[in-house]
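Single-letter residue listing:
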Amino acid sequence: MIFQPKLDPQAELPLYRQLYQQFADRIRSGQFVRGERIPATREMAGLLGLNRTTISAAYEMLESEGLISAQVGRGSFVTGPAPAAAGVDWTAILDRGESPVTSPAAGSRESISFALSRPSRDLFPLDEFRASCAAVLARHDLADILQLGSPAGYEPLRRYLLEEARRTGVAAPGDDLLVTNGCQQALDLIGRTLLCHGDTVAVEDPIYPGLKNLLAGMGAQLCGIPAAVHGMDPAQLERALERERPRLIVVTSNFQNPAGVTVPLAARRALLETARRHGVPVIENDAYGELRYSGEPLPAIKQLDDTGGTVLLRSFSKISFPGLRVGWALGPKPLMDRLRNAKQAADLHTDQLSQAVLLEFAESGRLEAHRARVLRAGAERLAATLQGCRDHLPAGTRWTQPEGGMNLWVRLPEPLDAGELLARAQREGVSYLPGRYFAVSRQDPGALRLSFAGLAPEEIRTGLAVLGRVARAELEGVSREMEPSPAMV
């Protein structure tokens, strides 16, 4: 295959998207035929003078759409498109120039996966959960629970959460609360209610891919604010608000995914003051705040806001059972009314049975007992992760030092590329997510996320030993390549 892509570094479309589209267009048009080999990432990177991370990102998009197939030891080959058939051309209909950033496979069941940010299923108190289910199923108002309910959520749970928010000083006098199918649905409802196509949203960089894909799917422009050290930087946020005039600020206040960082108190106040001056609402995504293993908790950004410009999102998913999909949004009543209308248009109402079970689980004291177990286990797993990084990762590696949550952010020493290293690690039975899946505008080739909450401490230690061995071997190989050749005499 002789193909010289023409890429424009000044274009708004990222280089990897340009490369993906040029390959995809030629494959779909039949210019590249099935079975034809495409240049390897190293070869294409040398041809174009680009980092291999850029080429790998384009190839992964092609592979996710079935247009190419990677074969270990042989390279990548054209596999699509499928032969055209009469009727609706779904590929043409769905191809609107934007594809979600898909993550690589987490590995087999036998592998040690740092790729999934979720609680450990081994910690689920199944007997206690069954008891809560039995109590709800024995209730006299079960038929009402199984009936259509309010789009605002199961009313007893909604009242319970609102009263707790008032007790802790998080809810302002004019606030209301909406129960949602997790924080993700709350973010979706807010986006559909407040954003128009082309609006700019200020977000953390790196960012949780679910939020990046959600906003990109709405046609929003993302303005990334560096957040991998102490959360969103207030000074850079100020400059972004003046330059980009975003419609919203979305910030994760505690144990951010992917970096694990927490916004300090002074930065929370500065962020609020900046947002107030520019009249921009703040969406505080606090899905991980309950998972604090050490240190003192900080007041929520919403709790510090006396102007009513902040919406707080929280969830039961990280502290109890993510499969139940129960979260909530707390904010000014006019906005909550609009979100409720948007929710009713999407799914009529939430699952009242799961919400009733969760309320029973909480009011019976079982949730607090489970939370205590989760915090003990989380502290042990975080400690194992930090110690494993110290013991096994090569000299020059840096990582964040979270006091809770499920994730930490690692930067391998140059010239290591976490995306290129992933395949070697997977062959050794360890997987993780490279930093490119979380990047908004700042690529960090050496970065990766380690999600530790779903792994036992011994798995964490073993996995980091493997990752360290793979990284050191790669560094040694690079060093040998850079050694000068002996003089010819």
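Every value quoted in this text rests on a predicted model; they were computed, and no experiment measured them.

1. Observations concerning the pairing of strand β13 (residues 407-411)
Stage number 1. Within β13, four of the five residues are buried, which leaves the element mostly enclosed by the surrounding structure.
Stage number 2. Pairing analysis gives two bridges linking strand β12 (residues 398-399) to β13, with the strands arranged antiparallel. Within β13, the position partnered with Trp399 by the bridge is Val410.
Stage number 3. Here β13 runs beside strand β16 (residues 447-451); their pairing, made up of five bridges, is antiparallel. When the sheet's bridge partners are listed, Arg411 is paired in β16 with Ala447.

2. Observations regarding helix α1 (residues 15-29)
Stage number 1. Here α1 is 15 residues long and its end C-alpha atoms lie 21 Å apart, about the 21 Å a rise of 1.5 Å per residue gives.
Stage number 2. Gly30 sits one or two residues past α1 and shows a positive phi near 90°.

3. Considering helix α8 (residues 182-194)
Stage number 1. Here α8 contains 13 residues, and its C-alpha end-to-end distance of 19 Å stays within 8% of the 18 Å for a straight helix at 1.5 Å per residue.
Stage number 2. Burial of α8 is extensive: ten of the 13 residues sit out of reach of the surface.
Stage number 3. Turning to α8, its buried residues are Gly182, Cys183, Gln185, Ala186, Leu187, Leu189, Ile190, Gly191, Thr193 and Leu194.

4. Concerning the nonpolar core
Stage number 1. Phe114, Leu313, Phe316, Tyr432 and Leu450 are the most contacted members of the largest nonpolar core, which has 89 residues in total.
Stage number 2. If one sorts the elements of this core by residue count, helix α15 (residues 366-392) sits on top with seven residues.
Stage number 3. Apart from residues lying up to four places away in sequence, Leu450 is in contact with Phe114, Thr385, Cys389, Met406, Asn407, Leu408, Val410, Tyr432, Leu464 and Leu467.
Stage number 4. Core analysis: the next-biggest nonpolar cluster, separate from the first, contains 19 residues, Leu19, Ile38, Leu62 and Leu67 among them.

5. Observations regarding the side chain of Asp305
Stage number 1. For Asp305, the location among the structural elements is in the loop between α12 (301-304) and β10 (310-315).
Stage number 2. Nearest to the buried, unbridged Asp305 among oppositely charged side chains is Lys302, at 6.4 Å.
Stage number 3. When sequence neighbours within four positions are dropped, the list of residues in contact with Asp305 reads Leu272 and Thr310.

6. Considerations on the sheet that holds β16
Strand pairs in the sheet, formed through backbone hydrogen bonds, run parallel or antiparallel to each other.
Stage number 1. One open sheet accounts for four strands, arranged β12-β13-β16-β15; its pairing is antiparallel. Each edge of the open sheet is held by one strand with a lone partner, namely β12 and β15 (433-434).
Stage number 2. Relative to β13, α15 is tilted by about 10°, and along the sheet it contacts β12, β13 and β16.

7. Digging into the packing of helix α5 (residues 126-137) against helix α14 (residues 352-363)
Stage number 1. One way to put it is that α5 packs onto α14 with a least axis distance of 9 Å and a crossing angle of 115°. Both α5 and α14 take part in a crossing whose hand is right-handed. On α14, the residues that touch Glu128, Phe129, Ser132, Cys133, Ala135 and Val136 of α5 are Leu353, Ala356, Val357, Glu360 and Phe361.
Stage number 2. A class-by-class count of the residues in the contact of α5 with α14 yields eight nonpolar, one polar and two charged.

8. Here we look at the packing of aromatic side chains
Stage number 1. Taken as a whole and judged by the stated rule, the model has seven aromatic pairs.
Stage number 2. A centroid spacing of 6.0 Å and a plane angle of 55° characterise the contact between Phe23 and Phe32, whose relative ring orientation is tilted. The burial state of Phe23 is the same as that of Phe32; both residues are buried.
Stage number 3. Pairwise contacts between aromatic rings join Phe124, Phe129, Phe321 and Phe361 into one cluster.

9. Some thoughts on unusual backbone geometry
Stage number 1. For the bond running from Asp205 to Pro206, omega is 10°, close enough to zero to count as cis.
Stage number 2. Within the secondary structure, Pro206 sits in the loop between β6 (200-205) and α9 (209-217).
Stage number 3. Residues Glu414 and Pro415 are joined by a peptide bond in cis, for which omega reads 5°.
Stage number 4. Along the chain, Pro415 turns up in the loop between β13 and α16 (418-427).
Stage number 5. Residue Arg245 is not a glycine yet carries a positive backbone phi of 50°.
Stage number 6. As for its position among the elements, Arg245 is in the loop between α10 (234-244) and β8 (248-251).
Stage number 7. Judged by relative accessible area, which is 66%, Arg245 ranks as exposed.
Stage number 8. With a phi close to 70°, Leu348 is a non-glycine residue in the positive phi region.
Stage number 9. Mapping Leu348 onto the fold places it in the loop between α13 (333-347) and α14.

10. A word on the environment of Thr350
Stage number 1. With respect to the helices, strands and loops of the structure, Thr350 is situated in the loop between α13 and α14.
Stage number 2. For Thr350, a relative accessible area of 2% puts it in the buried group.
Stage number 3. Within the structure, Thr350 has its side chain in polar contact with the side chain of Gln355 (distance 2.7 Å).

Analysis parameters
- Per chain, residues are indexed from 1 in the order of the written sequence.
- Given that this is a predicted model, residues contribute local features only at a pLDDT of at least 70 and side-chain atom pairs are listed and counted only at 80 or more, while totals for whole chains, interfaces and linings are drawn from all residues.
- To obtain the side-chain values, all non-hydrogen atoms of the structure were used and water was disregarded.
- Residue burial is assigned from relative accessible area. The probe radius is 1.4 Å, only protein chains are included, and a residue is buried under 20% of its type maximum, exposed over 50%, and partly exposed in between.
- Segments assigned H or I by DSSP are reported as helices when at least four residues long, segments assigned E as strands when at least two residues long, and all are numbered from the N terminus.
- At least two DSSP bridges between two strands are required for those strands to pair.
- Here the expected length of a helix is defined as 1.5 Å per residue gap, with one fewer gap than residues.
- Buried residues of nine kinds, namely Ala, Val, Leu, Ile, Met, Phe, Trp, Tyr and Cys, make up a nonpolar core once their side-chain atoms join them within 4.5 Å.
- The contact definition used throughout considers only heavy atoms, calling two residues in contact when any of these lie within 4.5 Å.
- Under this rule, positive means Lys or Arg and negative means Asp or Glu; His and the chain ends count for nothing.
- Whenever Lys or Arg places a side-chain nitrogen within 4 Å of a carboxyl oxygen from Asp or Glu, that contact is recorded as a salt bridge.
- A fitted line through C-alpha atoms serves as each axis, taken over the contacting stretch for helices, and the angle formed by two N-to-C directions is quoted from 0 to 180°.
- Rotating anticlockwise by less than a right angle from the far helix to the near helix defines a left-handed crossing, while the corresponding clockwise rotation defines a right-handed one.
- Gly counts as polar in this scheme, as do all residues outside two lists: the nonpolar Ala, Val, Leu, Ile, Met, Phe, Trp, Tyr, Cys and Pro, and the charged Asp, Glu, Lys and Arg.
- Aromatic pairs are defined between Phe, Tyr and Trp rings, using the six-membered ring for Trp, whenever the two ring centres lie within 6.5 Å; interplanar angles under 30 degrees are classed as stacked, those over 60 as edge-to-face, and all others as tilted.
- Under this definition, polar contacts are N or O atom pairs within 3.5 Å; protein pairs additionally need one hydrogen-donor-capable and one acceptor-capable atom, and for neighbouring residues in sequence, both atoms have to be side-chain atoms.

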